[in-house]
Amino acid sequence: MADVNAFRNAMAMLAGAVNIITTDGPSGLAGFTATAVCSVTDQPPTLLVCMNRSSFAHRFFEGNEVLCVNVLGAGNKDAPALFANREFSMSERFDRVQWARLATGSPLLDCAIVSFDCCITNTSTVGSHSIFLCEVQGVQRGAGRGGLVYFNRDYHQVGFGEPPVPPAKD
């Protein structure tokens with residue numbers, strides 16, 4: 001088995017989109033910063049979101065059974081730090097950003113370049129984390145160009161030279 005520190009250092013070399021995962025419902029309002037998000041299938045549209053089970057916010061996501069994956073744009077380095085900072089309460093985090101509710105009740109952050117409104121359809125446990133399989137109920141595009149990725153333990157902007165992707169026809 002690989003050494004934990006060697007694994008963590010190797011994973012720092014795997015660039016990942018920066019997301020703020022949010023939820024609201026009977027269990028309460030919560031959000032956290034994540035790079036462990038990926039597409040599973042497009043029929044039905046499904047995402048995978050990983051979350052540490054020891055996180056204070058974990059119980060909110062399990063209880064609400066809904067979430068929103070807010071993919072951050074290039075100019076949003078403050079938001080992921082805010083939602084990763086344990087010194088701020090959940091209400092303080094949400095007080096510092098602009099947001100609205102989606103169909104599931106989950107918060108859509110105005111700073112997102114795209115948001116996926118989801119229902120959690122399945123949860124698995126692997127080691128310290130829960131793996132949420134999330135069926136996408138709706139997609140909302142935001143106004144930004146360029147993405148934000150986390151690589152080598154820092155945030156980097158990508159995609160400014162690329163033409164914008166046109167919205168898909170429904």
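In this text the structure is predicted, and so the values were computed from the model without any measurement.

Asker: Honestly, the side chain of D24 in this entry has me stumped. Any pointers?
Answerer: Residue position: D24 is located in the loop between β2 (19-23) and β3 (30-34). A polar contact is formed between the side chain of D24 and the backbone nitrogen of L29, at a distance of 3.3 Å. Side-chain polar atoms of D24 contact the side chain of R101, separated by 2.5 Å. Each residue touching D24, except ones within four places of it in the same chain, is listed here: L29, N64, V66, R101, G105, S106 and P107.

Asker: For this particular structure, what's the right way to read the sheet that holds strand β4 (residues 37-42)?
Answerer: Strands pair in a sheet through their backbones, by hydrogen bonds, and they do so in one of two ways: parallel or antiparallel. Taken in spatial order, the 7 strands make up an open sheet running β3-β2-β6-β9-β10-β5-β4, and their pairing is antiparallel. The open sheet is flanked by β3 and β4, the only strands paired with a single partner. Averaged over all adjacent pairs, the angle separating strand axes in this sheet is 30°, with direction ignored. In this sheet, strand β6 (residues 66-72) lies alongside β2 in antiparallel orientation, the contact comprising 4 bridges.

Asker: Quick question: what am I supposed to make of the pattern of salt bridges here?
Answerer: Working definition: two side chains of opposite charge can pair if their charged atoms are close together. Applying the stated criterion to the full structure yields 1 salt bridge. A salt bridge links D24 to R101; the shortest N-O distance between them is 2.5 Å. A residue pair is termed long-range when its members are at least 10 positions apart, and D24 in the loop between β2 and β3 and R101 in strand β7 (residues 99-101) qualify at 77 residues. When its relative accessible area of 14% is taken as the criterion, D24 is described as buried.

Asker: Before we go on, may I ask you to explain the pairing of β4 in this structure?
Answerer: Across 5 bridges, β4 lies against strand β5 (residues 45-52) in antiparallel orientation. Bridge assignment links V37 to a residue of β5, and that residue is V49. Where β4 hands over to β5, the hairpin turn is made up of 2 residues, counted between the paired strands.

How each quantity is defined
Residues numbered from 1 in each chain as written. Predicted model: local features only at pLDDT ≥ 70, side-chain atom pairs only at ≥ 80, totals over all residues. Heavy atoms only, no water. Helix = DSSP H or I, 4+ residues; strand = E, 2+ residues; numbered from the N terminus. Polar contact = N/O pair within 3.5 Å; in protein donor to acceptor, adjacent residues only side chain to side chain. Contact = heavy atoms within 4.5 Å. Pairing = 2+ DSSP bridges. Axes fitted to C-alpha atoms, helices over the stretch in contact; angles between N-to-C directions. Salt bridge = Lys/Arg side-chain N within 4 Å of Asp/Glu carboxyl O. Buried < 20%, exposed > 50% of the residue type's maximum accessible area, 1.4 Å probe, protein only.

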